[in-house]
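A structural walkthrough
The primary structure of each chain is shown beneath.
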Amino acid sequence: MSAGTYTPRPGAAPLPRMIAAQTALETRMLLRNGEQLLLTVIIPTLLLVLFSAVDIVDTGAGESVDFLAPGILALAVMSTAFTGQAIATGFERRYGVLKRLGASPLPRWALMTAKTLSVLVTEVLQIVLLTAIAFALGWSPEGSPLSVLLLLVLGTAAFSGLGLLMAGTLKAEATLAAANLVFLLLLVGGGVIVPLDKFPDAVQSVLGLLPVSALSEGLRDVLQHGASMPWAQAGILTVWAVLGLGAAAKFFRWE
């Protein structure tokens with residue numbers, strides 16, 4: 001037996017393995033959190049079922065679910081990539097979790113990559129669930145799946161950047177209050193459930209520039225009206241993604 005067979009060989013695991021392990025941990029933590037499940041699963045599901053079954057809001061011609069399903073998908077992306085991520089990251093920053101992880105062999109950019117991958121995994125689960133429920137309610141989507149995928153990715157990037165910016169600059173309690181308030185405001189005024197054309201003309205142009213409005217309307221153009229690619233909405237989401245991620249990278253405080 002050669003010398004040194006049992007000699008410990010300390011060192012960091014390969015970077016892809018570290019990112020995968022952190023992604024799995026982040027996903028488990030998110031799915032075990034009752035408040036996160038309320039935002040990411042229960043509220044979107046209840047809204048989809050309730051407003052599809054009961055004629056509360058005038059959604060125009062056609063089945064209500066055809067209008068509502070794209071908006072609820074946009075809401076699911078916002079609830080996970082923005083609200084959930086902002087709150088979770090804000091409290092991790094407050095309790096010093098991010099500071100300790102930042103001192104580990106896992107690079108800080110890799111930690112943020114793992115958080116982003118965790119958001120994507122959660123969104124896939126959300127979309128599968130909500131799509132199944134929408135089909136059960138009589139949804140008949142149209143359009144290109146690739147266009148839908150591109151819009152969802154752009155929306156995730158936009159909301160993720162804004163969520164990390166909020167979590168990295170505000171105190172945890174302020175992040176909790178602000179993220180939930182923004183969620184409620186955008187739920188009402190972001191074209192998710194109430195069509196933008198129900199608002200005054202002077203307000204519509206402003207609301208249409210919001211990321212959730214762009215994502216809702218873009219998904220609706222594709223899935224309800226069969227459009228190839230709503231480039232105007234994709235452009236709005238791209239601008240929000242660049243500004244949000246850029247500001248988060250510059251101003252994020254780890255302590």
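Refer to the structure printed above.
Everything in this summary refers to the structure shown in the same document. Owing to the predicted nature of the structure, the values given are computational and were not obtained by experimental measurement. (Residues numbered from 1 in each chain as written. Predicted model: local features only at pLDDT ≥ 70, side-chain atom pairs only at ≥ 80, totals over all residues. Heavy atoms only, no water.)

Next up on the list: the side chain of Asp-66. If you trace the backbone, Asp-66 turns up in helix 3 (residues 64–94). Lacking a salt bridge, the buried Asp-66 has Arg-220 as its closest oppositely charged neighbour, with an N-O distance of 9.9 Å. Filtering out sequence-adjacent residues up to four positions away, Asp-66 remains in contact with Gly-138, Trp-139, Ser-140 and Gln-224. (Helix = DSSP H or I, 4+ residues; strand = E, 2+ residues; numbered from the N terminus. Buried < 20%, exposed > 50% of the residue type's maximum accessible area, 1.4 Å probe, protein only. Lys, Arg positive; Asp, Glu negative; His and termini not counted. Salt bridge = Lys/Arg side-chain N within 4 Å of Asp/Glu carboxyl O. Contact = heavy atoms within 4.5 Å.)

What follows covers the layout of surface pockets. Quantified by volume, the largest pocket comes out at close to 270 Å³. Lining the largest pocket are 16 residues, and of these Glu-26, Leu-30, Ala-88, Thr-89 and Glu-92 sit closest to its centre. Tallying contributions element by element places helix 3 first for the lining of the largest pocket, with six residues. A class-by-class count of the residues in the lining of the largest pocket yields seven nonpolar, six polar and three charged. For the lining of the second largest pocket, the element with the most residues is helix 9 (residues 211–223), which contributes three residues. Each residue belonging to the lining of the second largest pocket can be placed in one class, and the counts come to three nonpolar, four polar and six charged. (1 Å grid on protein atoms, 1.4 Å probe; cavity = no way out; pocket = protein on both sides within 12 Å on 5 of 7 lines; lining within 4 Å. Points joined across faces, edges and corners; volume = space filled by probe spheres on them. Nonpolar A, V, L, I, M, F, W, Y, C, P; charged D, E, K, R; others polar.)

This next bit is on the environment of Arg-100. Mapped onto the fold, Arg-100 is located in helix 4 (residues 97–102). Since its relative accessible area comes to 60%, Arg-100 is described here as exposed. The spacing of Arg-100 and Trp-254 is 154 residues in sequence and 9.5 Å in space, taken between C-alpha atoms.

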